[in-house]
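Take a look at the letters that make up each chain.
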Amino acid sequence: MQPLIDIANQVHALEKKVQKEGHSGSGYLRHIQRIRQSLAELGTTFHSPEGERYTETRTDVEASVTGESMDNLTITQVIKPIVSQHGQIVQAGIVIVERV
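This section reports on the structure supplied with the text.

Reading the values: the criteria
Residues numbered from 1 in each chain as written. Predicted model: local features only at pLDDT ≥ 70, side-chain atom pairs only at ≥ 80, totals over all residues. Heavy atoms only, no water. Phe/Tyr/Trp six-rings, centres within 6.5 Å; stacked < 30°, edge-to-face > 60°. Lys NZ or Arg CZ within 6 Å of the ring centre and 35° of its normal. Salt bridge = Lys/Arg side-chain N within 4 Å of Asp/Glu carboxyl O. Buried < 20%, exposed > 50% of the residue type's maximum accessible area, 1.4 Å probe, protein only. Helix = DSSP H or I, 4+ residues; strand = E, 2+ residues; numbered from the N terminus. Pairing = 2+ DSSP bridges. Expected span 1.5 Å × (residues − 1). Arc of directions from axis to C-beta. Contact = heavy atoms within 4.5 Å. Polar contact = N/O pair within 3.5 Å; in protein donor to acceptor, adjacent residues only side chain to side chain.

Quick notes on the packing of aromatic side chains
Right, so step 1: Evaluated as defined, the whole model comprises zero aromatic pairs.
Right, so step 2: One cation-aromatic arrangement involves R36 over F46; the distance from NZ or CZ to the ring centre is 3.9 Å.

This is the structure in structure tokens:
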């Protein structure tokens, strides 16, 4: 189980790097999508909640909050994605949230 979680984390990091460096049209994302598909066939999926609203009641992420306000928080950075195996969360996402 842990090796699949590690692969999901690495694929997520690659995906972020490719998007950040502007290689999205270079075919790298197609290869990443194939790895995602293979992981899904093994029952492992991952989700980046970047841009989603954050509330203290969320149990699928562990958040570091920047700023003082706890109202209207948004997930602005994902350190580790939410990883699920066969529909159950096996790794909570590690995220940074802030008021946007």
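As for the pattern of salt bridges
Right, so step 1: For the structure shown, the criterion picks out three salt bridges.
Right, so step 2: Here E52 makes a salt bridge to R58, at a shortest N to O gap of 3.0 Å.
Right, so step 3: Look at R58 and you get buried, because its relative accessible area is 18%.
Right, so step 4: The salt bridge involving R58 is made with D60; its shortest N-O contact spans 2.9 Å.
Right, so step 5: Taking the relative accessible area as the measure of exposure, D60 reaches 17% and is therefore buried.
Right, so step 6: By sharing partners, the salt bridges in this structure join E52, R58 and D60 into a single network.

Some words on the pairing of strand β1 (residues 44-47)
Right, so step 1: Residues T44 and F46 of β1 are buried on one face, while the alternating residues T45 and H47, pointing to the opposite face, are not.
Right, so step 2: Alignment of β1 against strand β5 (residues 82-85), held across four bridges, turns out to be antiparallel. Bridging from a neighbouring strand, F46 pairs with V83 of β5.

What to know about helix α2 (residues 28-41)
Right, so step 1: Taking 1.5 Å per residue as the helical rise, α2 with its 14 residues ought to reach 20 Å, and the 20 Å between its terminal C-alpha atoms agrees with that figure.
Right, so step 2: Along α2, the residues classified as buried are L29, I32 and L39. The buried residues of α2 occupy one face: seen down the axis, they fall within an arc of 70°.
Right, so step 3: On its buried face, α2 is in contact with α1 (2-20) and β1.
Right, so step 4: Two residues or fewer past α2, G43 is found with a positive phi of approximately 90°.

Remarks on the environment of D60
Right, so step 1: With respect to the helices and strands, the residue D60 is situated in the loop between β2 (53-54) and β3 (61-65).
Right, so step 2: For the pair D60 and L4, spaced 56 residues apart in the sequence, the C-alpha separation amounts to 18 Å.
Right, so step 3: With residues up to four places along the chain from it excluded, the contact list for D60 reads I82, I89, A92 and G93.
Right, so step 4: Side-chain polar atoms of D60 contact the side chain of R58, separated by 2.9 Å.

Some details on unusual backbone geometry
Right, so step 1: One non-glycine residue with positive phi stands out, namely N72, at about 50°.
Right, so step 2: Mapped onto the elements of the fold, N72 is located in the loop between β3 and β4 (73-80).
Right, so step 3: The phi dihedral of H86 falls on the positive side, at around 50°, and the residue is not glycine.
Right, so step 4: Position of H86 among the secondary structure elements: in the loop between β5 and β6 (88-91).
Right, so step 5: Residue H86 is classed as exposed on the basis of its relative accessible area, which comes to 67%.

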